[in-house]
Amino acid sequence: MAAPDPVRDSDLPIREVLDDLRRGLAEERGAVLSAPPGSGKTTLVPLALLEEEWLDGRSILMLEPRRLAARAAAARMAYLLGERVGQQAGYRIRFDQQVSRHTRIEVLTEGILTRRLQSDPELQGVGLVIFDEFHERSLHADLALALTLDVRGALRPDLRVLIMSATLDSQAAADLAGGVPCIEGGGQLHPVDVRYAPRPRGESIQAGALAGIRTALKETSGDLLVFLPGAGEIRGTASGLEDEEGASDLEIHPLYGNLPQQAQDAAVRPDPRGRRKVVLATNIAETSLTIEGVSTVVDSGWERTPKFDPNSGLTRLETVRISQASARQRSGRAGRLGPGVCYRLWSRGRQAALLPFAPPEIRDADLAPLALQLAQWGVGDPRELRWLDPPPQGAFQQARELLGELEALDSRGRLTRQGNLMARLPLHPRLAALLLEARDRGCLRLGVDVAALLSERDPLRGARGDGPVPCDLEERLSLLRALRKGGARQVRQRGGDPAACAAAARVSRQLQDLLRSSPGPDRNTAQEVHPGWLLSCAYPDRIAQRRPGSHHRYLLANGREAALPQGDLLASHRYLAVASLDAGKSSGRIYTAAALSEDDLRSRHGGRVRRRQRVEWEVRSQSVAAYREETLRQLTLSRKPLHDPDPLQVQEALLQGVRQAGLDCLPWSEKLRQWQARVLSLADWRPQEGWPDVSDQALVDSLEDWLLPFLAGLSSFSDLRRLDLQAALDSRLGSEKQKRLKEGAPTHLEVPSGSHLRLRYQPPDPPVLAVRLQEMFGLADTPAVCWGEVPVLLHLLSPAQRPVQVTQDLKGFWDRTYPEVKRELAGRYPKHHWPEDPWSASATRHPKRRRK
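Novice: Can you lay out the overall build of the protein for me, pointing to particular residues and giving the numbers?
Specialist: Helices and strands together make up the secondary structure of the protein, namely 29 helices and 31 strands. Expected size for 852 residues packed as a compact globule is a radius of gyration near 29 Å; at 40 Å, the protein overshoots this value by more than 25%. The dimensions of the protein, computed from C-alpha atoms along their principal axes, are 145 × 65 × 60 Å. Nonlocal contacts in the protein, meaning residues at least 24 apart in sequence, comprise 67% of its contacts between residues at least 6 apart. Carbon and sulfur atoms provide 46% of the accessible area of the protein, an area that totals close to 38,700 Å². Charged side chains in the protein number 118 positive and 109 negative. The centres of these two groups are separated by 5 Å.

Novice: Can you explain the nonpolar core? Please cite residues and give values.
Specialist: If you look at the biggest cluster of nonpolar residues, it comprises 94 residues, and the most contacted ones within it are L113, F131, L374 and L535. Counting 63 residues, the second largest nonpolar core, distinct from the first, contains W617, L663, L666 and L749.

Novice: Describe in detail helix α4 (residues 67-81), supporting the description with residues and values.
Specialist: Note on helix geometry: an α-helix contains 3.6 residues per turn, so any two residues three or four positions apart are oriented the same way. Under the 1.5 Å per step criterion, the end-to-end length of α4 is 21 Å for 15 residues, consistent within 8% with the ideal 21 Å. Residues of α4 that are buried: L68, A69, A70, R71, A73, A74, M77, A78, L80 and L81. Residue G82 follows α4 closely and has a positive phi angle near 70°.

Novice: So, the sheet that holds strand β24 (residues 635-641): which residues are in play, and what are the values?
Specialist: Each strand in a sheet pairs with its neighbour through backbone hydrogen bonds, running either in the same direction (parallel) or in the opposite one (antiparallel). With antiparallel pairing, three strands are arranged side by side in an open sheet as β22-β23-β24. Bordering the open sheet on either side are β22 (610-618) and β24, each of which pairs with just one other strand. Taken over all neighbouring pairs, the strand axes of this sheet differ in orientation by 35° on average, direction set aside. On the sheet, helix α23 (residues 647-661) packs against β22 and β23 (623-632) and is oriented at approximately 45° with respect to β22.

Novice: Residue-level account of the pairing of strand β18 (residues 553-556), with values.
Specialist: Where strand β17 (residues 543-546) and β18 come together, three bridges link them in antiparallel fashion. Opposite A544, over in β18, you have L556 as the bridge partner. As consecutive antiparallel partners, β17 and β18 are separated by six residues, and within that stretch G549 has a phi angle of approximately 80°, a positive value. Direction of pairing for β18 relative to strand β19 (residues 561-563): antiparallel, over a ladder of three bridges. Residue pairing in the sheet places Y554 in a bridge with A562 of β19. Taking the residues between adjacent antiparallel strands as the criterion, β18 and β19 are bridged by four residues, where G559 takes a positive phi near 95°.

Novice: If you had to explain the state of the cysteines to someone new, which residues and values would you point to?
Specialist: One pass over the full model with this rule turns up zero disulfides. You can see C443 has no disulfide; the closest cysteine sulfur is in C537, sitting 9.1 Å from it. For C443, a relative accessible area of 10% puts it in the buried group.

Novice: An account of the environment of S331 is requested, with residue identities and associated values reported.
Specialist: Among the structural elements, S331 can be located in helix α11 (residues 324-332). S331 gets classed as buried once you look at its relative accessible area, which sits at 9%. Discounting residues that sit within four places of it in the chain, S331 has contacts with V192, V194, C342 and R344.

Novice: Talk me through the sheet that holds strand β4 (residues 96-98); I want residue IDs and the actual numbers.
Specialist: One open sheet accounts for eight strands, arranged β4-β3-β5-β2-β6-β7-β1-β8; its pairing is mixed. The open sheet has two free edges, formed respectively by β4 and β8 (182-184), since each of these has just one partner strand. Each adjacent strand pair in this sheet contributes to an overall mean axis angle of 20°, direction not counted. For strand β1 (residues 30-34) and β8, the ladder comprises three bridges, and the chain directions are parallel.

Novice: Describe the pattern of salt bridges, listing the residues and the values that go with them.
Specialist: Counted according to the given criterion, the structure contains 54 salt bridges. In this structure, E437 and R604 form a salt bridge, with 3.2 Å as the shortest nitrogen-oxygen distance. On the criterion of sequence distance, the pair formed by E437 in helix α16 (residues 429-440) and R604 in helix α22 (residues 598-605) is long-range, its members being 167 residues apart. Each of R574, E598, R602, R611 and E630 takes part in a single network of salt bridges with overlapping partners.

Novice: Summarise the pairing of strand β13 (residues 294-299); cite the residues concerned and give the values.
Specialist: Most of β13 is tucked away, with six of its six residues classed as buried. The pairing of strand β10 (residues 223-227) with β13 spans five bridges and is classified as parallel. Among the inter-strand pairings, L225 is bridged to a residue of β13, identified as V297.

Novice: Before we move on, can you summarise the packing of aromatic side chains with the specific residues and values?
Specialist: Evaluated as defined, the whole model comprises eight aromatic pairs. For the ring pair F777 and W814, a centre distance of 5.7 Å and an interplane angle of 45° mean the geometry is tilted. Note that F777 is positioned in the loop between β27 (765-772) and β28 (784-785) and W814 in helix α29 (residues 810-828), a separation of 37 residues in sequence. We note that F777, like W814, is buried. For the pair F813 and Y818, a centre-to-centre distance of 6.3 Å together with 75° between the ring planes defines the contact as edge-to-face. Overall, the relative accessible area of 2% leaves F813 in the buried class. Three or more aromatic residues joined by ring pairs form one cluster here, namely F777, F813, W814 and Y818. The aromatic ring of Y627 is capped on one face by R639, whose charged end is 4.0 Å from the ring centroid.

Novice: With reference to specific residues and values, describe the packing of α16 against helix α17 (residues 444-455).
Specialist: Interaxial distance between α16 and α17 falls to 7 Å at its minimum, and their mutual angle equals 165°. If you check the angle between α16 and α17, you find them roughly antiparallel. The two elements α16 and α17 meet at a crossing, and its hand is right-handed. Counting all contacts with α16, which are made through L431, L434, L435, A438 and R439, the residues of α17 involved are L444, G447, V448, V450, A451, L454 and S455. Split into classes, the residues belonging to the contact of α16 with α17 amount to nine nonpolar, two polar and one charged.

Novice: For helix α2 (residues 18-28), give the residues involved together with the corresponding values.
Specialist: If you check which residues of α2 are buried, you get L18, L21, G24 and L25. Along the axis of α2, the buried positions cluster into a sector of 125°, meaning they face one direction only. Projecting away from the buried face of α2 at angles above 90 degrees are the exposed residues D19 and E27. Looking one or two residues past α2, R29 carries a phi angle of roughly 65°, positive in sign.

Novice: A description of the environment of T844 should follow, citing residues and the corresponding values.
Specialist: Topologically, T844 is positioned in the segment after α29. On the accessibility criterion, T844 (17% relative accessible area) is buried. Separated by 781 residues in sequence, T844 and L63 have C-alpha atoms that sit 104 Å apart. For T844, the contacting residues outside a window of four places in its chain are S753, Q774 and E775.

What counts as what
- Residues numbered from 1 in each chain as written.
- Predicted model: local features only at pLDDT ≥ 70, side-chain atom pairs only at ≥ 80, totals over all residues.
- Heavy atoms only, no water.
- Helix = DSSP H or I, 4+ residues; strand = E, 2+ residues; numbered from the N terminus.
- Rg over C-alpha atoms; globule rule 2.2 N^0.38 Å.
- Contact = heavy atoms within 4.5 Å.
- Areas by Shrake-Rupley, 256 points an atom, 1.4 Å probe, with all protein chains shown as cover.
- Lys, Arg positive; Asp, Glu negative; His and termini not counted.
- Charge placed at Lys NZ, Arg CZ, Asp CG, Glu CD.
- Core = buried A, V, L, I, M, F, W, Y, C linked by side-chain atoms within 4.5 Å.
- Buried < 20%, exposed > 50% of the residue type's maximum accessible area, 1.4 Å probe, protein only.
- Expected span 1.5 Å × (residues − 1).
- Pairing = 2+ DSSP bridges.
- Axes fitted to C-alpha atoms, helices over the stretch in contact; angles between N-to-C directions.
- Disulfide = S-S within 2.5 Å.
- Salt bridge = Lys/Arg side-chain N within 4 Å of Asp/Glu carboxyl O.
- Phe/Tyr/Trp six-rings, centres within 6.5 Å; stacked < 30°, edge-to-face > 60°.
- Lys NZ or Arg CZ within 6 Å of the ring centre and 35° of its normal.
- Parallel < 35°, antiparallel > 145°, perpendicular 65-115°, else oblique.
- Left-handed = near helix turned anticlockwise from the far one by under 90°.
- Nonpolar A, V, L, I, M, F, W, Y, C, P; charged D, E, K, R; others polar.
- Arc of directions from axis to C-beta.

Everything listed here is a matter of geometry and, on its own, says nothing about what the molecule does.
Written as structure tokens, this is what we have:
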């Protein structure tokens, strides 16, 4: 009997383009295949290519973005071949593999492919690398493609590359791969009726999902797949469904990345009792995964995405609208097995406003893993490789700085021995550094337990529901000890999740085996090391110090603030090492941390502690503070008064205080402000003379030039009362300009009465001379300044010192206006003498009485 031919026997739409695909791979060494969900590309394409002449018996590596999808794809291909997984079709995922010497199709998750490339850059025995569901644009997929294209260009020109996606800018990917052909796959296998059911404004995502599920249960038959942003909404929706009438007839399954494998498998399979199934999933169910029995999709339209901030080194989870591409992917889940229905819980207008594609992860991700892998590849500048979207420069630089702190890179940015060992471990560089520290300290068991707990699902957070969850890592470690000692029952009694503990224990064993087989120092005696010590090695930027006067707020070494939940017992410790937190918008929220003693902090990080004398302006006391301090990045470990600070540093600190407070803190007087106005006036009237700018802004900008030399012996705002501000300001002019200032902008003018009256300067207007009218009798020409070029603005005053005329034309006033003013003043001040002829009258500072 002939062996089954899964491609020939299948009626999936992808069959229509297989010949084009074979031709493209044979002639162009690559292709980009775009085909809708359910078309069969994931499982049928690798099988269809197995016997191609150019493959020459070599194997196919297929990259899948998710472990669940990788196992499912391998199982489906093995089923179509009539074999067990691990024969011709197998998989390799983190800490799990099903392969044999007969395996020719290996489905790999992303980190596995990258490490394979690092250990075997020529990919010996491999003829084709497939990047499936590449539209997800995960960081690891972009990295793996960049490395694969580098291999093909330099070492393996015969290596074929196939990029597959349901939704992707195919032409851009084809150009990146060297101008390979774009092939459009057949249409969706079954039609999907898309119905828009927008939820009311203000209704929560969870409430909207429950309403959508109720509608779908009434209007459709078959199983439901419900897309929600995260585990919290999934748990809340599941709880709400369990309270619904008829819930006993439903089988409710959560489906998200941190679930145990057994729970994920149960969500994918049909219910063995035949009940209607409702699968509540994150975007893990968008691609490369067929959930048996599903014919209806309810889509909330939201997803939870990590956004990394390179300035803080922290990641914040954001709930964001999905893209149009994701909406198509999700609706396609309903049509994989037959005609289906998709309920979109938003409007048609909102659909049109969605982004066409989700931004690639590389734009918003923590790039430390990528930077470490590139360093191992021998690339310091990512521009040496080919990317659809190159790593952002700022985030990449921040990642390299972190790797330097973790001692993975040396001062010249080259990979160290420590970094080489870290790159070989299937963990984030932080946890890899933690494991190597634990091994070197002889406490490997503690290290693998900590790393396993941090890389797997939290055994406390899911088990406690919405109740308070302690942040102490020791609580999680105690659950692992309880599991090993008394099994799942003891874990439940202590309020933990047995399945999560079992998963962490399994990863712990695998890490321990991995570390024992790798080279390292031979230590027979374990050193006493606490969890906080290890966390501080992995997260040196997240060593936290409690804020003075606070019971739960902490300052991180990177300068950000984060808080423990109110009442958390860890708040009794001054120092913490923080492993898990949400960056938040202004202040982060700590999820997992461990106490760190000051002795451990200094012992492990003493080489990074800076000891210095510090002289700075203190706003609270409005004085200069001087002290000796020890700092670790943004944390102040100790501070003691400094009794003999450098005088110049004191002056500079006081100057900084003046700059912050502004010039009004200086001992200004009206005379000094008029000095400023006089200089500014001459600068306006005589720009060719090069008068300095003495405006407030210019004075602030040049404090070091004119004020600093006059601050000797002063250290506070109260001391500024002793400042000779006139001398400091005069220093801006020099002796020649000071002389010119007195000549061109005098402070006083003599009037016909003999009085010396003060001028009031008001740049850019002419100065004002306020004078009683009687003191100006007999004077024809208006007084002027600036060497006679600028007439003053006369405010001629009544006996009561009120202006009766404002003028720069004194002669015209006497000729035309005085007679009218005289009549008014004579009527108002009849006892004063108002001469008929102001030209012949004598000016007087003491008004003459009128003769009776």
